[in-house]
Amino acid sequence: MNNMIQEAKEKFGKLVEEQLKRVEMMKSQGDFINYKELDQIIIGIVGGDGIGPAITAQAQRILEFLLKDEVEKGKVRFKVIDGLTIENRAKVNKAIPDDVLEELKECHVILKGPTTTPRAGDPWPNIESANVAMRKELDLFANVRPVRVPEQGIDWTFFRENTEGAYVLGSKGFHINEDIAFDFKVMTTQGIERIARAAFDYARANGKKRVTIVTKANVVKTTDGKFLNICKEVAKDYPEIEVDDWYIDIMTAKLVDEKRRTQFQVIVLPNLYGDILTDEAAEFQGGVGTAGSANIGKRYAMFEAIHGSAPRMVEEGRAKYADPSSIIRAASMLLSHIGYVEESQKLDKAMDICTRTEKKLVITGRDTGATNEEFADYVMETIKSL
Ligand code: IPM
Ligand code: MG
C-alpha cells in the first residue's frame, strides 16, 4: 500500500511541476497581438475530420470572397493545413502531430473544422482531443460563444475559460489501483484573472450592463471558490457593470426560464460548466450546428464549428449536404476579431437572411436539401445584394 501511495505522490508531484511552469508562462505573457500592425495576417484553414473539410472549404470560399482586396494587397494570406486528421493523429499517437503544430504556429488566426475526439472503445488510440490540445498548445484561454435569438430577447455571450479547470489534466488522471481513479481540476490566479478581464472588457466595449459568474463554489470550494472570488475582485475595476453569481445547477434551469433568461448578457464560467451550458444555450438558437465559437489567446486565435465531425454522413456519401452554418458563423467571428468588422457584420446579416428570414435554400443533411456549395453561393449572392 505504501508503494501505491508513493507512486501516486510522484505522479501528482509531476503534475504540480507542470502546472507551476504554466503559471510562470502566463506571468511572462505580453499583451494581445495587434493585427493592424502586422504586414500580413496569415489565416490557417484546417479542415479536420469527417464533414470538416467539406464545410470548411465553403467557409474559406466566403472568406476569400469578402477579403478579395486584402489578399490582392498582400495584407491577408490563406494557408491550408491538411494534416489534422484522426488517421494522422493515430499514426503518431499524438493529439496534434508535430509538423501540423509547426504549421499552425506560422498562422495568426485559424479556422478549424470539427475533429474526431477518440473515446475508450473506439478503433482509434484514446489520444487527447485535438481541440483541447490546440487550445492548450496555442494558449487559447477565452472560449467566446455568442447565442442570439432576437425574437425571444436572448442575447448571450459566454466566456468559457478554456485552458484549465477540469480539462487541463483531463487526460492525465490516473488509476491508483483497480478500485480508485483520480482526476484533477486546476485553477490559477493568472488563468482566472485573464478570462474575467476578457469578459468584463467585452461587456464594457459592447455596452453590456451585466456580467454573470457561474460556478459550483458552494461544493467545489477551493477551485470554484477561487474562480468566484477573483472574478468578483476583477469586477471592482468595472463599477458600471452589474455582477451576479449563480451556481451551475440553477443556472442550467434558469436558461429555460423565459422571464429570467433575458436578463443574462455576458456569462463567465470555468471550462467544463462552459462546455455544458453553451450546448444548452445553443439549442435555443437552433442547435449546436448553428453556433460558432472563438478560442482567443494573446498570440493566436482559433475559430471553430461547435458540432462534431459526423463520420456517418461521410460514410453515407452525404458530406456535401452537411450544414456549413456553424463554421461560417465562426468565420464571421474570425473576420471581426482581426479587424474586418464591416465584413463580419455583412456576413452575419446574410446568414440571418439565408437561415432565418428568406431561406431560399434549405440544408437537410441529405439530397432532399441544398449542398453546402450551393448554400455558400447563396450566402455570397445575398452579401452582394445587401
Ligand atoms: C466543445 C467540444 C469539445 C469540448 C470536445 C470536442 C472536446 O465539446 O468545443 O465544446 O469539450 O470542449
Ligand atoms: Mg462542447
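What counts as what
- Along each chain, residue indices are assigned from 1 in the same order as the chain's sequence is written.
- As they are written, the chains are lettered A onward and the ligands numbered 1 onward, keeping that order.
- Local features in this predicted model are restricted to residues of pLDDT 70 or higher, and side-chain atom pairs are both shown and tallied only at a pLDDT of 80 or more, whereas totals for entire chains, interfaces and linings draw on every residue.
- Excluded from the side-chain calculations are hydrogens and water; all other atoms, namely the structure's heavy atoms, are used.
- Should a side-chain nitrogen of Lys or Arg be within 4 Å of a carboxyl oxygen of Asp or Glu, the pair is scored as a salt bridge.
- To qualify as a helix, a DSSP run of H or I must reach at least 4 residues; to qualify as a strand, a run of E must reach at least 2; elements of each kind are numbered from the N terminus.
- Only protein chains enter the calculation, and the probe is 1.4 Å; a residue is then buried if its accessible area is under 20% of its type maximum, exposed if over 50%, and partly exposed in between.
- Two rings belonging to Phe, Tyr or Trp (six-membered ring only in the last case) form a pair when the distance between their centres is within 6.5 Å. Interplanar angles under 30 degrees mark stacking, angles over 60 mark edge-to-face geometry, and anything in between is tilted.
- The criterion is that NZ of a Lys, or CZ of an Arg, lies within 6 Å of the ring centre and within 35 degrees of the ring normal, and then a charge sits over that ring.
- Pairing of N or O atoms within 3.5 Å defines a polar contact, subject to two protein rules: one partner must be a possible hydrogen donor and the other a possible acceptor, and residues neighboring in sequence count only if both atoms are side-chain atoms.
- Any two residues having at least one pair of non-hydrogen atoms within 4.5 Å are treated as being in contact.
- A pair of strands is considered paired only if DSSP assigns at least 2 bridges between the two.
- The axes used here are C-alpha line fits, helices contributing only the stretch in contact, and every angle between their N-to-C directions lies in the interval 0 to 180 degrees.
- UniProt positions are given in the numbering used here, feature names are shortened, and annotations may be inferred rather than shown by experiment.
- In this text, near means that some heavy atom of the residue lies within 4 Å of the molecule or strand in question.
- Calculation of accessible area relied on Shrake-Rupley with a 1.4 Å probe; when residues are assessed, cover is drawn exclusively from the protein chains displayed.
- Exposure above 30% relative accessible area and no salt bridge define the residues that can form patches, which grow by joining like charges within 9 Å and nonpolar side chains of Val, Leu, Ile, Met, Phe, Trp and Tyr within 5 Å.

Chemist: Report on the pattern of salt bridges, specifying residues and quantitative values.
Modeler: As enumerated under the stated definition, the model contains 31 salt bridges in all. With a shortest N-O distance of 2.8 Å, Glu164 and Arg22 are connected by a salt bridge. Of this pair, Glu164 sits in the loop between strand S5 (154-161) and strand S6 (174-175) while Arg22 sits in helix H1 (residues 2-27), and the two are 142 residues apart along the sequence. Given the relative accessible area of 0%, Glu164 is considered buried. Across the salt bridge formed by Glu304 and Arg135, the nearest N and O atoms sit 2.9 Å from each other. With Glu304 in strand S12 (residues 301-305) and Arg135 in helix H6 (residues 130-137), the pair connects residues that are 169 residues apart, well separated along the chain. The exposure class assigned to Glu304 is buried, which follows from its relative accessible area of 1%. One network of salt bridges, in which partners are shared, links Lys79, Glu103 and Glu106.

Chemist: Summarise the packing of aromatic side chains; cite the residues concerned and give the values.
Modeler: Using the criterion set out here, one finds 10 aromatic pairs in the structure. Consider the rings of Phe12 and Phe184, whose centres lie 5.4 Å apart with planes at 35 degrees: the pair is tilted. Residue Phe12 is located in helix H1, and its partner Phe184 is located in the loop between strand S7 (181-182) and helix H7 (189-205); the two are separated by 172 residues in the primary sequence. On the basis of relative accessibility, which here comes to 42%, the residue Phe12 falls in the partly exposed class. Take Phe184: its relative accessible area is 16%, and that puts it in the buried class. Ring geometry for Phe32 versus Phe141: centroids 6.2 Å apart, planes at 40 degrees, classification tilted. Taken together, the residues Phe32 in the loop between H1 and strand S1 (41-46) and Phe141 in the loop between H6 and strand S4 (142-149) connect sequence positions 109 residues apart. Taking the relative accessible area as the measure of exposure, Phe32 reaches 41% and is therefore partly exposed. The aromatic ring of Phe32 is capped on one face by Lys298, whose charged end is 5.7 Å from the ring centroid. A cation over an aromatic ring shows up here: Arg299 above the ring of Tyr300, its NZ or CZ 4.3 Å from the ring centre.

Chemist: Would you mind going over the side chain of Thr278 in detail, with residue names and values included?
Modeler: The topology assignment puts Thr278 in helix H10 (residues 271-285). Among the polar contacts made by the side chain of Thr278, one reaches the main-chain carbonyl oxygen of Asp275 at a distance of 3.2 Å. Excluding residues that lie within four positions of it along the chain, Thr278 makes contacts with Arg145 and Phe158.

Chemist: Tell me about the sheet that holds strand S10 (residues 266-269), residues and numbers included.
Modeler: With mixed pairing, 10 strands are arranged side by side in an open sheet as S2-S1-S3-S12-S11-S4-S5-S10-S8-S9. Looking along the sheet, the strands with just one partner apiece sit at the ends: strand S2 (76-81) and strand S9 (242-247). When strand polarity is set aside, the average angle formed by the axes of neighbouring strands in this sheet is 20 degrees. Inspection of the sheet shows S5 paired to S10 by 4 bridges, in the parallel sense. Following the sheet pairing, Thr157 is matched in S10 by Val266. Packed on one face of the sheet, H10 meets S4, S5, strand S8 (210-215) and S10 and runs near 160 degrees to S5.

Chemist: I'd like a description of the UniProt feature "domain: Isopropylmalate dehydrogenase-like" (unreviewed entry) in the protein, backed by residues and values.
Modeler: In the numbering used here, UniProt assigns the "domain: Isopropylmalate dehydrogenase-like" (unreviewed entry) feature to residues 42-379. The span residues 42-379 is 41% helix and 18% strand, and its two end C-alpha atoms sit 24 Å from each other.

Chemist: Lay out the pairing of S4 with the relevant residues and their values.
Modeler: In terms of residue burial, S4 counts as a mostly covered element, since 6 of its 8 residues are buried. Pairing of S4 with S5 involves 8 bridges; the strand directions are antiparallel. Residue pairing for S5: Val147 is matched across the bridge by Trp156. What sits between the antiparallel neighbours S4 and S5 is a turn of 4 residues, in which Gly153 has the positive phi angle 70 degrees.

Chemist: Tell me about the site of ligand 1, and please be specific about residues and values.
Modeler: As a matter of local geometry, ligand 1 sits amid Thr117, Ser129, Asn131, Val132, Arg135, Arg145, Arg160, Tyr167 and Asp275. Separating an oxygen atom of ligand 1 from a side-chain N or O atom of Arg135 is a distance of 2.7 Å. Within the side chain of Tyr167, a nitrogen or oxygen atom sits 2.6 Å from an oxygen atom of ligand 1. The protein chains hide 77% of the 320 Å² of surface that ligand 1 would expose on its own.

Chemist: Go over a nonpolar patch on the surface with me, naming the residues and quoting the values.
Modeler: A cluster of nonpolar side chains, namely Phe12, Val16 and Leu20, defines an oily patch on the protein surface of about 270 Å² accessible area. With respect to the secondary-structure elements, Leu20 resides in helix H1.

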